[in-house]
Amino acid sequence: MDQRRKSWKWYRGGAFLCLVPAAGFLIGVLNRPGAWYTGLNKPSFNPPDAVFAPVWTVLFLLIAAAGYRTFEAEPNGAAMKLWTVQMVLNFAWSPIFFSLHRMDVALGVIVALFIAIAAFVWRQWTADRLAAALFLPYAGWVVFAMSLNISLLLLN
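Residues numbered from 1 in each chain as written. Predicted model: local features only at pLDDT ≥ 70, side-chain atom pairs only at ≥ 80, totals over all residues. Heavy atoms only, no water.

A.B. asks: Break down the side chain of Ser94 for me, citing the residues and quoting the values.
C.D. replies: For Ser94, the position within the fold is in helix H5 (residues 78-99). Not counting chain neighbours up to four residues away, the residues in contact with Ser94 comprise Ile27, Asn31 and Ser99. (Helix = DSSP H or I, 4+ residues; strand = E, 2+ residues; numbered from the N terminus. Contact = heavy atoms within 4.5 Å.)

A.B. asks: Break down helix H8 (residues 136-155) for me, citing the residues and quoting the values.
C.D. replies: Each turn of an α-helix holds 3.6 residues, which means side chains three or four residues apart point in the same direction. For H8, which comprises 20 residues, the first-to-last C-alpha distance of 29 Å matches the rise-based estimate of 28 Å (1.5 Å per residue) to within 8%. Of all the residues in H8, the buried ones are Tyr138, Ala139, Trp141, Val142, Ala145, Met146, Leu148, Asn149, Ser151 and Leu152. Buried residues belonging to H8 abut helix H3 (34-38), helix H4 (52-73), H5 and helix H6 (103-127). (Expected span 1.5 Å × (residues − 1). Buried < 20%, exposed > 50% of the residue type's maximum accessible area, 1.4 Å probe, protein only.)

A.B. asks: Any chance you could break down the environment of Pro43 for me, citing the residues and the numbers?
C.D. replies: Structurally, the position occupied by Pro43 is in the loop between H3 and H4. Overall, Pro43 belongs to the buried group, its relative accessible area being 12%. As a C-alpha pair, Pro43 and Leu155 span 112 residues in sequence and 7.7 Å in three-dimensional space. Dropping the residues within four chain positions of it, Pro43 is found in contact with Leu148, Ser151, Leu152 and Leu155.

A.B. asks: Describe the nonpolar core, and please don't skip the residues or the numbers.
C.D. replies: If you look at the biggest cluster of nonpolar residues, it comprises 40 residues, and the most contacted ones within it are Val20, Ile63, Trp83, Phe97, Ile110, Phe135 and Tyr138. Taken together, the elements giving at least two residues each to this core come down to helix H2 (9-30), H4, H5, H6, helix H7 (129-134) and H8. Beyond its immediate stretch of four places on either side in the chain, Ile110 contacts Trp93, Val142, Ala145, Met146 and Asn149. (Core = buried A, V, L, I, M, F, W, Y, C linked by side-chain atoms within 4.5 Å.)

A.B. asks: Please provide a residue-by-residue account of the packing of H2 against H5, values included.
C.D. replies: Closest axis-to-axis distance for the H2/H5 pair is 8 Å, and the angle between their directions is 20 degrees. By the criterion of interaxial angle, the relationship of H2 to H5 is roughly parallel. Between H2 and H5 lies a crossing of right-handed hand. Judged by residue contacts, Phe16, Val20, Ala23, Gly24, Ile27 and Leu30 of H2 engage Met80, Trp83, Met87, Phe91, Ser94, Pro95 and Ser99 from H5. Its residues assigned to classes, the contact of H2 with H5 shows 10 nonpolar, 3 polar and no charged. (Axes fitted to C-alpha atoms, helices over the stretch in contact; angles between N-to-C directions. Parallel < 35°, antiparallel > 145°, perpendicular 65-115°, else oblique. Left-handed = near helix turned anticlockwise from the far one by under 90°. Nonpolar A, V, L, I, M, F, W, Y, C, P; charged D, E, K, R; others polar.)

A.B. asks: Explain the packing of aromatic side chains residue by residue, including any values.
C.D. replies: Applying the stated criterion across every chain yields a total of 17 aromatic pairs. Their ring planes at 90 degrees and their centres at 5.5 Å tell us that Trp93 and Phe98 sit as a pair that is edge-to-face. For Phe98, a relative accessible area of 14% translates into the label buried. Linked through ring pairs, Trp56, Phe60, Phe91, Phe120, Phe135 and Tyr138 together constitute an aromatic cluster. (Phe/Tyr/Trp six-rings, centres within 6.5 Å; stacked < 30°, edge-to-face > 60°.)

Function-wise, these values are silent; they only describe arrangement.
Okay, here's the thing in structure tokens:
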């Protein structure tokens with residue numbers, strides 16, 4: 001690693017750890033659940049609204065750490081491309097679900113998101129097991145969110 005790239009390492013790490021959660025926060029603020037969501041029939045396992053922000057904060061920090069590790073190892077590699085795809089899908093879900101009220105399209109997005117997450121974990125498992133492991137709680141939460149999306153679609 002050349003000296004210039006090495007000197008910027010901490011800045012890149014800080015950028016990942018700040019920008020990923022900040023972008024997630026912004027997506028959440030711009031796409032609030034609102035009255036439409038409040039009026040939906042919800043499954044019995046739907047958590048209280050107050051659960052989502054803390055869970056996503058932790059998940060975005062884990063996603064950022066995995067992204068940083070992946071970027072440092074191979075910025076243009078397949079794993080980084082998968083990381084980027086999952087971020088795009090992650091950020092697309094809320095506007096589609098909460099702002100456009102398209103639970104059906106959002107279901108397609110969240111299924112694609114899970115596939116991208118699983119592909120990232122599979123790809124990184126031998127290259128960087130820690131980066132892969134950082135995605136495991138995220139994968140679990142997305143499976144839970146997918147089941148909520150399916151249930152909301154079926155109940156409404």
